[in-house]
Amino acid sequence: NAGVTQTPKFQVLKTGQSMTLQCAQDMNHNSMYWYRQDPGMGLRLIYYSASEGTTDKGEVPNGYNVSRLNKREFSLRLESAAPSQTSVYFCASSDRDFTDTQYFGPGTRLTVL
Amino acid sequence: AQKITQTQPGMFVQEKEAVTLDCTYDTSDQSYGLFWYKQPSSGEMIFLIYQGSYDEQNATEGRYSLNFQKARKSANLVISASQLGDSAMYFCAMRERLYNNNDMRFGAGTRLTVKP
């Protein structure tokens, strides 16, 4: 089992460029999440998908869009990157109950110049 | 309002000693789950231990245990017999049943350094 995989691992963008971060999980989880991690802060939720076909905003959704392509895949898109979006991005998956652990991908380190 | 508070930005411990990492939380929900994750310098988030709000016993997983004091709303992580490989960032997190049960809230983390 690969668990949660993310691509790419590293990315450098210029201001205004767009890109899509890909995430896939093989644990048959219903819920998937995108977080960002900034220095000195914990993870903050950008968007989540409680189940296939649904997506909802998290704490910091501005500047991002998401697509739940199927049960396995959940992508995050930056339409017009800004330096404030320089961060490490983590994808996670879990089952829906509040007792369920979230399992994380390895992260994508994004720099916007 | 801050849901999860980790008041120790950095901690040092001597190898083979025990260390406690503090975590307090804020919730009005009766049903919630508390989680600890480890983030080594390589960057991945590794799940360590879980405590449910209704669990009567403190959770344990190998060298990790959780000192759960519900009335004080604290869920401190205890690492026994510290090893050099324990040097990492540690994050406390919470999921609540009523507050959007898909949302895990994280603290700012504690950086643990184990000295040889």
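In what follows, the structure referred to is the one given above.
Residues numbered from 1 in each chain as written. Chains lettered and ligands numbered in written order. Predicted model: local features only at pLDDT ≥ 70, side-chain atom pairs only at ≥ 80, totals over all residues. Heavy atoms only, no water.

> Just to check I follow, could you spell out the state of the cysteines for this structure?
Cysteine pairs can be covalently joined through their sulfur atoms, and such a bond is termed a disulfide. All told, the structure shown has 2 disulfides over all chains when counted by the stated rule. The disulfide partner of A:Cys23 is A:Cys91, and the gap between their sulfur atoms is 1.8 Å. When the S-S torsion is -75°, as for the bridge of A:Cys23 with A:Cys91, the disulfide is left-handed. Note that A:Cys23 is positioned in strand S3 (residues 19-25) and A:Cys91 in strand S9 (residues 87-94), a separation of 68 residues in sequence. The exposure class of A:Cys23 is buried, given its relative accessible area of 3%. On the accessibility criterion, A:Cys91 (0% relative accessible area) is buried. The residue that forms a disulfide with B:Cys23 is B:Cys92, at a sulfur-sulfur distance of 2.0 Å. Linking B:Cys23 and B:Cys92, the disulfide has an S-S dihedral of approximately -65° and is accordingly described as left-handed. Here the residue B:Cys23 occupies a position in the loop between strand S3 (19-21) and strand S4 (24-25), and B:Cys92 occupies one in strand S10 (residues 88-96), the gap between them amounting to 69 residues. Each member of the pair, B:Cys23 together with B:Cys92, is buried. (Disulfide = S-S within 2.5 Å. Helix = DSSP H or I, 4+ residues; strand = E, 2+ residues; numbered from the N terminus. Buried < 20%, exposed > 50% of the residue type's maximum accessible area, 1.4 Å probe, protein only.)

> Honestly, the pattern of salt bridges in this entry has me stumped. Any pointers?
Side chains bearing opposite charge may pair, as long as their charged atoms lie close to each other. In the structure shown here, the tally under the stated rule is 6 salt bridges over all chains. The closest approach of N and O atoms between A:Arg36 and A:Asp38, which form a salt bridge, is 3.0 Å. As far as the burial class goes, A:Arg36 and A:Asp38 line up, both buried. B:Arg63 is paired through a salt bridge with B:Asp86; the nearest N and O atoms lie 2.8 Å apart. Residue B:Arg63 is located in the loop between strand S7 (60-61) and strand S8 (64-69), and its partner B:Asp86 is located in the loop between strand S9 (74-79) and S10; the two are separated by 23 residues in the primary sequence. Residue classification places B:Arg63 among the partly exposed positions, given a relative accessible area of 24%. Via salt bridges that share partners, A:Arg36, A:Asp38 and A:Arg44 belong to a single interconnected network. (Salt bridge = Lys/Arg side-chain N within 4 Å of Asp/Glu carboxyl O.)

> I'm lost on the side chain of B:Ser31 in this one. Help?
Structurally, B:Ser31 can be placed in the loop between S4 and strand S5 (32-39). Judged by relative accessible area, B:Ser31 falls into the buried class, the value being 5%.

That's the geometry; what it means functionally is another story.
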